[in-house]
Amino acid sequence: MHRSKEIKAIEAPSVMMISNARSLGKLAAIMANRGSLGEEKLISEETWETFHSEPKEELMNDILPTVFSKGGCNHFGFEPMLKTCNPQTLDAYSNLNSGREGFIGWIGFGGSVMQWHPECKVGFAYVPFDYIDVDAANKRGAEI
């Protein structure tokens, strides 16, 4: 893939992020611990609170119930909107959220996962070497 300076400037980490599982895992651990890990502090608790605030329920692509925060991360297992969903939407919700309740983060098309659980103070990343487009909900990463 061509990675020109202009392409790298695009703010679309779900498409163009250049990283690895170890770095994403460390970032997830920092987020799980409210912006700090040991002596390292990435963001203030106030910034962490703002990042996770204002969760907004929406249907992605008119089918997938999501709850993205002000900072752009999904709150998994957040269910209030489900009362009004049709069976196809309920299936999509279950497929994405099952086993991820209480986690915050997102998944990347092709298998990557970066999530953290603030209550349990655990964060992780899963970045597969191989791309599998049939695993749209990234269940491999949820089960690892």
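As a reminder, the structure under discussion sits directly above these lines.
Residues numbered from 1 in each chain as written. Predicted model: local features only at pLDDT ≥ 70, side-chain atom pairs only at ≥ 80, totals over all residues. Heavy atoms only, no water.

### Considering the overall build of the protein
(1) Moving on: Counting secondary structure elements, the protein contains six helices and eight strands.
(2) Moving on: Listed by position from the N terminus, the elements making up the protein come as α-α-α-β-β-α-β-β-β-α-β-β-β-α.
(3) Moving on: Taken across its 144 residues, the protein has 35% of its residues classed as buried.
(4) Moving on: Sequence-distant contacts, at least 24 apart, represent 40% of the contacts inside the protein between residues at least 6 apart.
(5) Moving on: For the protein, the exposed surface amounts to about 9,200 Å²; the carbon and sulfur share of it is 55%. (Helix = DSSP H or I, 4+ residues; strand = E, 2+ residues; numbered from the N terminus. Buried < 20%, exposed > 50% of the residue type's maximum accessible area, 1.4 Å probe, protein only. Contact = heavy atoms within 4.5 Å. Areas by Shrake-Rupley, 256 points an atom, 1.4 Å probe, with all protein chains shown as cover.)

### Some words on the nonpolar core
(1) Moving on: Of all hydrophobic cores here, the largest spans ten residues; its members are L24, A28, M31, A32, W48, C73, I104, M114, W116 and A125.
(2) Moving on: Put simply, the parts of the chain that give this core at least two residues each are α3 (21-32) and β7 (113-117).
(3) Moving on: If you tally residues by element for this core, the top one is α3, at four residues.
(4) Moving on: Beyond its immediate chain neighbours, meaning those up to four positions away, M114 contacts L24, L27, A28, I104, G105, W106, F124 and A125. (Core = buried A, V, L, I, M, F, W, Y, C linked by side-chain atoms within 4.5 Å.)

### Notes on α3
(1) Moving on: Across its twelve residues, α3 extends 16 Å between first and last C-alpha, which sits within 8% of the 16 Å expected from 1.5 Å per residue.
(2) Moving on: Among all positions in α3, only L24, G25, A28, A29, I30, M31 and A32 are buried.
(3) Moving on: For α3, the secondary structure elements touched by its buried residues are β1 (36-37), α4 (45-52), β7 and β8 (122-126).
(4) Moving on: With a side-chain oxygen lying 3.2 Å from the backbone nitrogen of R22, the N-terminal cap of α3 falls on N20.
(5) Moving on: Within two residues after α3, R34 carries a phi angle of roughly 60°, on the positive side. (Expected span 1.5 Å × (residues − 1). Polar contact = N/O pair within 3.5 Å; in protein donor to acceptor, adjacent residues only side chain to side chain.)

### A closer look at the pairing of strand β6 (residues 104-107)
(1) Moving on: Direction of pairing for strand β5 (residues 74-75) relative to β6: antiparallel, over a ladder of two bridges. Among the inter-strand pairings, H75 is bridged to a residue of β6, identified as I104.
(2) Moving on: Pairing between β6 and β7: four bridges, direction antiparallel. Note that in β7 the partner of W106 across the bridge is M114. (Pairing = 2+ DSSP bridges.)

### Section: the pairing of strand β3 (residues 56-60)
(1) Moving on: Pairing between β3 and strand β4 (residues 64-68): five bridges, direction antiparallel. By the bridge assignment for β4, M60 is matched with L64.
(2) Moving on: The antiparallel pairing of β3 with β4 creates a hairpin that spans three residues between the two strands, and N61 there sits at a positive phi of about 55°.

### Observations concerning the pattern of salt bridges
Any two side chains of opposite charge can pair, so long as their charged atoms come close to each other.
(1) Moving on: Taken as a whole and assessed by the stated rule, the structure comprises five salt bridges.
(2) Moving on: The salt bridge partner of K70 is E54, with a shortest N-O separation of 3.6 Å. With K70 in the loop between β4 and β5 and E54 in the loop between α4 and β3, this pair connects stretches of sequence that are 16 residues apart. When sorted by exposure, K70 lands in the same class as E54, which is exposed.
(3) Moving on: Residues E58 and K56 are paired through a salt bridge, measuring 3.1 Å at the closest nitrogen-oxygen approach.
(4) Moving on: Overall, E58 belongs to the partly exposed group, its relative accessible area being 39%.
(5) Moving on: Residues joined in a network through salt bridges with shared partners are R34, E45 and E49. (Salt bridge = Lys/Arg side-chain N within 4 Å of Asp/Glu carboxyl O.)

Scope: geometric values only; no functional claims are made or implied.
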